[in-house]
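Overview (structure and organization)
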Amino acid sequence: MDELWLLFLAFPLFLLVGAGLGIRAWVVTRQLREQIGQLQRQLQSLTQQEQQRPMPSPTRSSQSSDTPAADRTATALTPPTDKALADANWGVISSAPAEPSTVQPLHPSPDSQPSAGLVERLKAHWMIWLGGICVGLAGVFMVHYSIEQGLLGPEARVILSLIAGTGLHGLAEWLRRKRGQNDVFAALAGGASIILYAALFAAFKLLEGVSPGLVFAAMAVVSFATLALALRHGPVLAALGMLGGYLVPILVSTGSGQIELALIYIGILTLFSLWLLAYVERLWLWAGVIIGSLGWWALSLVTTPADGVRSLYLLALAYLFLAVPGQDWLLQQTGPAANRWLDLLRQVRCQRHWPVLPTLILIVLAQGYTLALETVHASSYPTLLLLPALLLLAASRRALLNPLPALILATTALAAVMPMLSYFGDQLLFTAPDATAQAALVSRFVMLTILFTAGPAWLVFRRVQHAAFWIGLGCFTPLLMLALGYYLFTAFSSDWAWGGAALILGLIYLALSRIALQQPGSDLVRVLLISSAHLGLSLAAVIWLVDATLTLALAAQLISLSLLQRRYQLQWLPWVIRLVLAIVVCRLTFNPWLLSYASDSHWSLWTYGGASICAAAAAWILRNDVKMTAWLQGGAAHLLILTLAAEVRWWLYDGDIFHHEYSFLEASLNTLIWGSAGCIYLWRARLSQYLTRFYQVIATLHLLGAAANHLFWVLLVFNPLWSGTEISAAPLWNLLLVSYGAPTLLLVLLWYQLPAAIGRWAGLAAGLSLLLFISMEIRHLWQGELSLARPTPDGELYTYSAVWLLLASVALLGGSWLRSRTFYRSGMALLLVVVAKLFLIDMSDLTGLWRVASFMGLGLGLLALAWLHQRLTPAEGLPHESAPATDRTGAGS
């Protein structure tokens, strides 16, 4: 009984709040209209005063403007047509030239202002929108509550809801005819449509005697009527009707989880929403239709519909988005022509119904996820093939849609593989399908191959646009299916058969490419045939040889492709060479995270080293092509660095390149390898004419990696002074020379290569690195090890002072000679450190003659250094990089 009273109190409250908000919005709108009327009357009076001024000589145009006043008045009083009314309500400006008697609307809707954005509209009309939504939700919640509580009978509930929705629609139309178009009346009509949607959906759930076809036909009528009335009421009704239409199945849901009929209803609603878009273009309306239709596909993922329902729903959506906006029911309309597809893509925003392309891309991705979820081998042939066939048909007539067939082929291939992948810890495992699934996949792969080869072949025969794309799609599809079959069909694992099939395909494409090269035609077609032939031969090599040979087989293609390019000079073949080079470089760069190989063979030498040799050979073959030579030489240098890194790990870990350990020696060698790569790329940047910026970026990445590795691992984590890293007892010729001495040489080289603003910092870092290396070698000579825990004897302290004083002297004299202020200041700073160390540490405990001798030696050494400084420094002083000669002399002495 409490629920019944709550119902009777809540329903009038919803109506009262919605009506109050609507009336408030109507009053505010009326006041604004009165203000606009006053402004227009003032403008009219000013215009009349201007016209009453005496004119020097009345012209014919002024006389003619006075005579047809009655005609203009009659024209202004003539009722507008439905199309003109729809354009005025939606703020659409006709593209036809306006006649002299055309009268502009006196009270344009705020929605018609082109500068008004969505936020401004919501601020101005939030009460109207909220009022209409409240009216519709009141009816929806009434139906929902009556279903839960069992109030009245099912027939009575449905009939009352239908009567309420129809009555509110009639009231909104009557008010529009009496008072004129107003967003308040449009919001009232939108709430009425929501109530009708809810009533019909409830009738389908509750009234078993009513056929589903009749219910959904009624929903279609409501959708059509709502969107048709939106042409008169304006965008408010369209928004509320569409919003209510997509939300009604959720609000009146019975929780059964059966989503099939809801998807049919959403398809009907999408049909009429797109029909409205055929007449009125609104970006927010496009967004609403796309989000609503694909949102229901996303909701279907949490349910368990029948097999193929999601795919058929996406098929229906694809057809609706292709056909309805342009009313192209047989998909016979052709798109704009262009020689290059990128030109079409750049102009896509200038075309009508341009949101169709991103929507179809989303539908294709959704189809791929659906196939991965339901598995390809369990999908029926219609659900698997109809959408690709539809996209092939559409793309054959609209060149802008060409990538969609290739995209759905790729997503289908991924969907076939994804269910077989799983993670075990941090490893990605592949589990082959069972025999039943393999048998089902065979027939489906065959059907896909026939569709994506016969279809493009027929289109090429019909001479459609962009024949090269269709030839490429038809050539790559058998190779893709063959590769998938080789890895998925373990029941038939004869390598000779799979490799033979790949070899036959490669030879067929090679023969076709030879024919194409001997006849006039498109260079792109020739390049695609050559690429297909090389891909088939590479696949055969991979199947017949070991896994590590794949990269070498791809790298070997650089040589053959370069030979073809040198002979035929094809326009697009250099891009294929760049693509192959990028694949090889990425494969070998990220190889430790992709694959693992047995350590019983020295595969790294012939894989990494062989790829480097192939890239270098291709660069030599195309030595007359400056651009391609730069690309190939850069790739060869990168591959050489990778070869060195791989061989270092092979040597350190007894052939186990992927050993999970990072040692002090490896970190030191990586610093040298990456730093050397950075220096090589800087050298290439100075010689290159076209790829200077590219080489500079690659050099920067390598140098930053080397610096981070050296600072973190070599200087901090593995530093022998406190980490306990073992260093051999051999003097000088030990690991310190590789870890701290060699990086000093790299820094000196960078000081020479980098610009002066950055190079002086490299020179300063080189001096600090040299000081650290010499100091560690001194401690190693005195102690036999580098631990800071052992005490430092006096002899070691004196050795530090003597060597540091020598280094400071060299820096001071070198800075004066090279006229470098940076070197001079560095030497001066080190000299001050040495003097402070001598006074505070070395000579603090000396007495008697030892103290006299020490101070005498220090003084004589400083005087000798000052004298040498004066002799080596020119009298005219130094430029901006150096200090004046008098200052340097004073400082030295």
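Bear in mind that the values here come from a model prediction, so they are computed numbers and not experimental data.

**Thoughts on the overall build of the protein chain**
Check the secondary structure of the protein chain and you find 33 helices and two strands. Burial statistics for the protein chain: of 893 residues in total, 44% are counted as buried. Within the protein chain, residue pairs in contact and separated by at least 24 positions form 72% of the contacts whose partners lie at least 6 positions apart. Total accessible area on the protein chain is roughly 47200 Å²; 68% of this is exposed by carbon and sulfur atoms.

**Describing the nonpolar core**
Of all hydrophobic cores here, the largest spans 98 residues; its most connected members are Ile363 and Phe445. When near neighbours in sequence (up to four residues on either side) are disregarded, isoleucine 363 contacts Leu294, Leu314, Leu317, Ala318, Phe321 and Leu387. In terms of nonpolar packing, the next biggest core, distinct from the first, is built from 29 residues, Ile530, Leu581, Val584 and Met628 among them.

**With respect to the packing of helix α14 (residues 356–374) against helix α16 (residues 403–417)**
The N-to-C vectors of α14 and α16 enclose an angle of 20 degrees; their axes lie 8 Å apart at closest approach. Taken together, the axes of α14 and α16 lie roughly parallel to each other. For the element pair α14 and α16, the recorded crossing hand is right-handed. Within the contact between the two elements, α14 uses Leu360, Ile361, Val364, Leu365, Gln367, Gly368, Leu371 and Ala372 and α16 uses Leu404, Leu407, Ile408, Thr411, Thr412 and Ala415.

**Things to note about the packing of aromatic side chains**
A complete count under the given rule lists 14 aromatic pairs for this structure. With centroids separated by 6.3 Å and ring planes inclined at 80 degrees, the aromatic side chains of tryptophan 297 and tyrosine 369 adopt a geometry described as edge-to-face. Of the two residues, tryptophan 297 is situated in helix α11 (residues 283–300) and tyrosine 369 in helix α14; the sequence distance between them amounts to 72 residues. By the ring-pair criterion, three or more aromatic residues cluster together here, those being Phe445, Tyr486, Tyr487, Phe489 and Trp498.

**As for the side chain of serine 300**
Along the chain, the position of serine 300 falls in helix α11. Side-chain polar atoms of serine 300 contact the backbone oxygen of tryptophan 297, separated by 2.4 Å. Among all residues touching serine 300, those that are not within four sequence positions of it are Ile259, Pro305 and Arg310.

**Notes on unusual backbone geometry**
Phi at threonine 375 is positive, roughly 65 degrees, even though this residue is not glycine. Taking the relative accessible area as the measure of exposure, threonine 375 reaches 18% and is therefore buried. A positive phi angle, close to 50 degrees, is found at glutamine 569, a residue other than glycine.

**Remarks on the confidence of the model for the protein chain**
Per-residue confidence for the protein chain gives a mean pLDDT of 76; residues scoring 70 or more make up 72%. This model gives residues 92–116 a pLDDT under 50, and the stretch forms 21 contacts once residues within four places in sequence are excluded. The model gives residues 875–893 a pLDDT under 50, and that stretch makes 35 contacts with residues more than four places away or in other chains.

**Let's talk about α14**
Along its 19 residues, α14 runs 26 Å from first to last C-alpha, staying within 8% of the 27 Å computed at 1.5 Å per residue. One or two residues past the end of α14 sits threonine 375, with phi positive at roughly 65 degrees.

**Quick notes on the pattern of salt bridges**
Counted by the stated rule, this structure contains four salt bridges. Close ionic contact of aspartate 328 with arginine 398 constitutes a salt bridge, the shortest N to O distance being 3.1 Å. Residue aspartate 328 is found in the loop between α12 (309–323) and α13 (341–346), and its partner arginine 398 is found in the loop between α15 (381–397) and α16; the two are separated by 70 residues along the sequence. Overall, aspartate 328 belongs to the buried group, its relative accessible area being 5%.

Procedures and definitions
Residues numbered from 1 in each chain as written. Predicted model: local features only at pLDDT ≥ 70, side-chain atom pairs only at ≥ 80, totals over all residues. Heavy atoms only, no water. Helix = DSSP H or I, 4+ residues; strand = E, 2+ residues; numbered from the N terminus. Buried < 20%, exposed > 50% of the residue type's maximum accessible area, 1.4 Å probe, protein only. Contact = heavy atoms within 4.5 Å. Areas by Shrake-Rupley, 256 points an atom, 1.4 Å probe, with all protein chains shown as cover. Core = buried A, V, L, I, M, F, W, Y, C linked by side-chain atoms within 4.5 Å. Axes fitted to C-alpha atoms, helices over the stretch in contact; angles between N-to-C directions. Parallel < 35°, antiparallel > 145°, perpendicular 65-115°, else oblique. Left-handed = near helix turned anticlockwise from the far one by under 90°. Phe/Tyr/Trp six-rings, centres within 6.5 Å; stacked < 30°, edge-to-face > 60°. Polar contact = N/O pair within 3.5 Å; in protein donor to acceptor, adjacent residues only side chain to side chain. pLDDT = per-residue confidence, 0-100. Expected span 1.5 Å × (residues − 1). Salt bridge = Lys/Arg side-chain N within 4 Å of Asp/Glu carboxyl O.

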